[in-house]
Structure formats: structure tokens, C-alpha cells
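Here is how the chains run, residue by residue.
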Amino acid sequence: MNEPGWYAQPFRADGGITASGLLSQLGRPSLSRLTLLVREAAQNSWDARLPGLPVVPFRLDLSTVGPGHVAAWRRMFSLGSSSTGFTDGIFHRLTKATAIRYLAVSDRGTSGLAGPTRSDAGRTERREWARFVLNSGDRDGASASSSGGTYGYGKSALFQLSKVGCVLVYTRFEDEGGDLRSRFIGVAIREAFWEDDSRYTGRHWWGLPEEEHCEPLLDAHADAIARELGIPGFQAEETGTTLIVVDPDLTDPSLPDSDTPPELSVADAGAFLADAAAWNLWPIMLTDRTVHMAVRVTANGVDIRVPDAESDAALAFFASAYRTVAEGSGQMLACGKPRKDLGRLAHQYTYGASVTSLAARELGLEGAPHHVCLLRGPELVVRYHSGPERSNPDAGYAAVFRVNDDLDQTFARAEPPTHDGWEYQQLQGREATFVRTAGRRLKEQCDRLSGAQARRAVKVGAYALGSVAQRLGHLLAGPGGFGTAVLPSSLLPGTSRVVTAPARQDDVSGAPPGLAPFPAPRGDMGGGGSGSREPTGRRRGARRPTLTSEPYFEVIDGLPVIVQPVRLHGPDRVEGSVRVMTGDGGAEGQTPTGATQPEVYGWRIPADGRIVTGEVLYHSGDAVDVEMIVIAVADVLIDINVVGRS
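Here the structure is a predicted model, which is why all the values come from computation and not from measurement.

A. Layout of the overall build of the protein chain. On a plain count of helices and strands, the protein chain comes out with 13 helices and 29 strands. Within the protein chain, buried positions represent 52% of all 646 residues. Excluding contacts between residues fewer than 6 apart, the proportion of contacts in the protein chain whose partners are at least 24 apart in sequence is 71%. A total accessible area of about 29,300 Å² is found for the protein chain, and carbon and sulfur atoms account for 49% of it.

B. Summary view of the pairing of strand 17 (residues 395-403). Burial analysis of strand 17 places 9 of its 9 residues in the buried class, which makes it a mostly covered element. Alternating residues of strand 17 divide into Ala-395, Tyr-397, Ala-399, Phe-401 and Val-403 and Gly-396, Ala-398, Val-400 and Arg-402, and every residue in both groups is buried. Bridge count for strand 15 (residues 370-375) against strand 17 is 6 bridges, and the pairing is parallel. The residue of strand 17 that forms the bridge with His-370 is Tyr-397.

C. The nonpolar core, seen in detail. Core analysis: the biggest nonpolar cluster contains 76 residues, and Trp-279, Leu-281 and Trp-282 have the highest contact counts within it. If you tally residues by element for this core, the top one is helix 8 (residues 266-285), at 13 residues. Those residues in contact with Leu-281 that sit more than four places away from it in its chain are Val-38, Ala-42, Ala-276, Met-293, Val-295 and Leu-380. Counting residues in each nonpolar core, the second largest holds 30 residues, with Met-76, Ala-222, Leu-229 and Ile-231 among its members.

D. Inspection of the sheet that holds strand 15 at higher detail. Here 5 strands make up an open sheet; going across it, the order is 13-14-17-15-16 and the pairing mixed. Edge positions in the sheet fall to strand 13 (331-336) and strand 16 (383-386), since each of these pairs with one other strand and no more. Sheet twist, expressed as the mean angle between neighbouring strand axes with direction ignored, is 30 degrees. When strand 15 meets strand 16, the two strands line up antiparallel, connected through 4 bridges.

About the cut-offs
- Residues numbered from 1 in each chain as written.
- Predicted model: local features only at pLDDT ≥ 70, side-chain atom pairs only at ≥ 80, totals over all residues.
- Heavy atoms only, no water.
- Helix = DSSP H or I, 4+ residues; strand = E, 2+ residues; numbered from the N terminus.
- Buried < 20%, exposed > 50% of the residue type's maximum accessible area, 1.4 Å probe, protein only.
- Contact = heavy atoms within 4.5 Å.
- Areas by Shrake-Rupley, 256 points an atom, 1.4 Å probe, with all protein chains shown as cover.
- Pairing = 2+ DSSP bridges.
- Core = buried A, V, L, I, M, F, W, Y, C linked by side-chain atoms within 4.5 Å.
- Axes fitted to C-alpha atoms, helices over the stretch in contact; angles between N-to-C directions.

Printed below as a string of C-alpha cells:
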């Protein structure tokens, strides 16, 4: 059996591609190498997930080779190339390094890299090994579900991150007979070079060199070399792949244009990787999915917390919008000519959710979000489409747009190799029209969500709405979208003692004179006539009123108003209120002299369109949806609140 060593690929008579040509296939992406690695590696792992497993474990471990393994690493890199006769090695610097750093990218619950170990082997069902280790831009044998990437050009992100252009590949898979197989190989992309009269592409493999290619180490031999190098193995029946990026470049992504940009510390680089995973992978990390990816990041053995929708407010708003789209709700964006539904969009208005992550800033997010997260079939983030900001710096909107499944491949073809945008110029005919129109529809929606559309001073009837509409994007529906807790019984002027008579079960109305269906109060309203009795107490276990969605703008009889949908869960007496908020999120303590205050106009009953004026609404009957109407005021941020009163 051949001894392990390096194999250098020569140019053949019919030509070939240089190593530098392979590395340039990602073009000049705007994202940092660290972010590109997270996106591309996770995409390939997600594509390779096995059916029937609810969790896909994905890990990023940034570490340094331990003293018990460093000799094996140095020995590997000191070996010369058997095909060129080099004896001083191709990684001379690593053989002298006092410490060797690496980034391990691993997945489990995935299919591993199976298939022939030669690129010219006959047609087979599985060809993951050839696509990743040998070929470039090869999708032969990729499954229909592998619509994210599947070892096309994106794998070059791994080699670009390595200062020496080297990645070690350790994989385990189940073969056609149901047996577990292991493989290990080193892959390096260096510069093309001449040796005597022969030219070499700059592509190298470490394994078992043969005359025209390099075979991997197999099974027990592969497992043994992985243990010798300190690379974690596989448990029980596990399958998957571990990729070791040798000597990763940890250049600070916030200083990309510096001549000598400083490197991040291992701890800071780990934090960046965790944030990059959160902001690029959050849709597939949601734990309430049928299948989700569980991401873990470590730096020198210390776990780094990965933000998620449970811990990060901005991500929580995006996740809420995503769930609306996932359940088939939200707004369908469509192309008019030719007529075609493009995808669904849903949004959440935000207040006080500020994005500060360096990895998120690289994606264009900073401060209050004003973005639409673009998704298609694989549901990894394509990019964050930026729209106009809202006027208040603390207010924003987080939206999600997911392409319809029947257009998934169209939008996939519009993506560059880095999968971080949709470029209709790459397409022709109707496909180009659909992608171009999606961009226009997204701009329209962002204008609407930000209030930019309203700032064009549209007239409705005879009432000029420009100044009022300018601030409509800043409306709040109370924390979490729920009414406040039920307040204790209190004596309110004019309603301290009320006697009610039975009403129709579906009766809903307010209490202002002339509109109440209830009999007029009997007894001494000042307190204590013989015919009076204490007000009926709140029903035990009654649910508080719920604000069911964000408020929206409307014009009623020429008057600009804000409409807040509310659900009443049974018989109740509810009171609406509205207050002006300051820039720091607190209530305004004193109204400026001469300033107009927003106020509750009344309540609308959607079932029949009735409008009942006043702050208080009486309801006797089953659960019902109503709408609180607030008179709009220009240039203020308001908080809308609904409480149940006993």
C-alpha cells in the first residue's frame, strides 16, 4: 500500500483550471470570509440532511492543535509531493510554527461524502465526494431538495479562509450495502507552478497518491489518522462530515480596506461566527420547525452563545413575520403581466429592537431594522432587503418575503455563486420579469411600511393627509400585542353604581347617551339610593382583551384615524386609552402648550360597521372582534392600550 503523501495535479494535454481560477469563482463578494464560510458550509450541511431526523447538528470550533497532536500535523505538512519530487514540503511555514490554529466545521445527521473517488468513474446515484473533493461547479447527482448549493462554487469559501489554502476532509457515510464507511483526505489550493518542463495547476491532495490522482485513506486507516491529528470522530451510527480549515484568516471584518488589518482574537472571532450563524441561518434554527439546525460555536473549547429568536428582540420580530408566511398567511405579492403570484410577505413593526452585532452590520442591519429578509426553498437567508427608515430612530419594521415554491428554481438561477442576492439581469424572458417585479413589489411594500409612501401627501377627500401620515409608521400596539392586565375594581365618575338588564347575546355597544342598549342606570348615581346595587363583578377566569394585530391608518368622514383591532373574549366592559410616547419609550409627562393630543374616538363593530363613540365599550355576549378608533395627530409616537374594567 502506498504511504500517505501529497499529490500535485499536472496540467494535461487538454488543459485545466488553475488553483487561483477556482478561488476566484466566488467573484468579489461584499461579505467577509468568515461570513461566507458560515453561509456556504451551513448551506451544504442543510442540503445534506438525512430524512426523518428532527435535528441537524452543525458546529464551528475555533481552536489550536494540542501539544499531543502537533507532531502529527507537522509531519503531514513536511511531506513532499510524490508527483513533483519536492522534498522540502509545500507548507514549509507550518512545519516551523509553534502553534497551528484551525477551524473545524462539522455536521452530523447528514449523508456524508459518498460516491466514486475518481471523477471519471461511471454514472452512480451518489457523487458527493466527486462534487466536493475533486470537481468544481458540479451538481451531478444532487437531489431535488439540494436547492441551496450542494458543493458548487461556494466551497471555495473554505479555501479562501485558510491562509495556506488547505482543508482536511473527514467523512462518514452509509454505502449501498448499508455499511458505514469512513474517508480522510487533505485538499489544498495553492498557486500554479513549474517543475522542470512540467506545469502544475496548484491543486494538491494529501492521501494515497497514484499515477493520475490521489485516493483517500479509508475506514480504519481514516479513523486512525483523524485520532492522531486530534479530530473528533463519529459516535455509534453517526454519519456526516468534518472539514478542518487550516490556519484560518481571522482578519477583523470591520476593517476590510486597511493595508494591515488586525486579526480578531480567538474569542472575538468565535463571537463573530456565532452572530454570523444567527443572522444568516435563523430561519432554519427555529426550534418549532419540524426539522431544524442546532448550531454550536466554541472558541478554544469555550462555548459561545449563539443568538436566536428567544434571546434577541430583532430576530424575534423577523421570526414572527416568518411564522406568518410559513402558515400561508401574509400578503401575496404578484406580477401583473404576465399574471403570476411571486411569494408571500409578512411584517412586524418594531420599537426599541436595536441591532448592534458586527456580523449583522456586515449584512446591512444596524439600529432599528427596516428590512425584508429574502427567502426561497432552502429557507436560508438570501439577503436583507433594505427599505426606508421610519422617522423615529427607535421604531422599525422586520419583514420576511418567501418566494413561491414553483418559482424557486427561477430565483435560484438569479443568484450569484455566493447566493446573496437576486439579479434579474442573469435571466431572460418571463423569468427576468418575475425577479425584476419582485424587486419593485418589495420597494413598494417597504415604502408603505416606513411611511415613505404616505409622505407624498396623498389627499383623501378634502383632507390633506401628508403631515399626519408622515408619522403613521410609529404606532405601537402595546408590549407584546396584548392589553394590560385587568385592573382592580374602581369607582369611576358617573359609573360607580350601575344596574344592567339582560341583553341580546350578540349585543355589542358603547355607553354614551342615546347609544346604549342597556336601560339607564337606576338609583342614586352619587351613591346609595335604595334601588341601587353594586356593579356586577368581573367573571372569574375571564381573559383580558387582546390586541390582535398592528394598528393601521384609515380615513373616516374625512378624519384621519388609527384603527386598532381588539378581540374581546366574552362579556366585558373595556376602556381604551392612548398616550404620547417620548423618544426613549416613556410616556410624555406634560403636554406642550397648545399641542393637540391624540384621543379615542370610539369603537367600530366590523360585523355590521356600526361606530360607537367614546372611550368605553360594553359587551354582553360571546367572543367578538372589534376595532378601537383613535384620532390621528401629526408628528407624535403613541401607545395604544385597552383594559378590562370590572
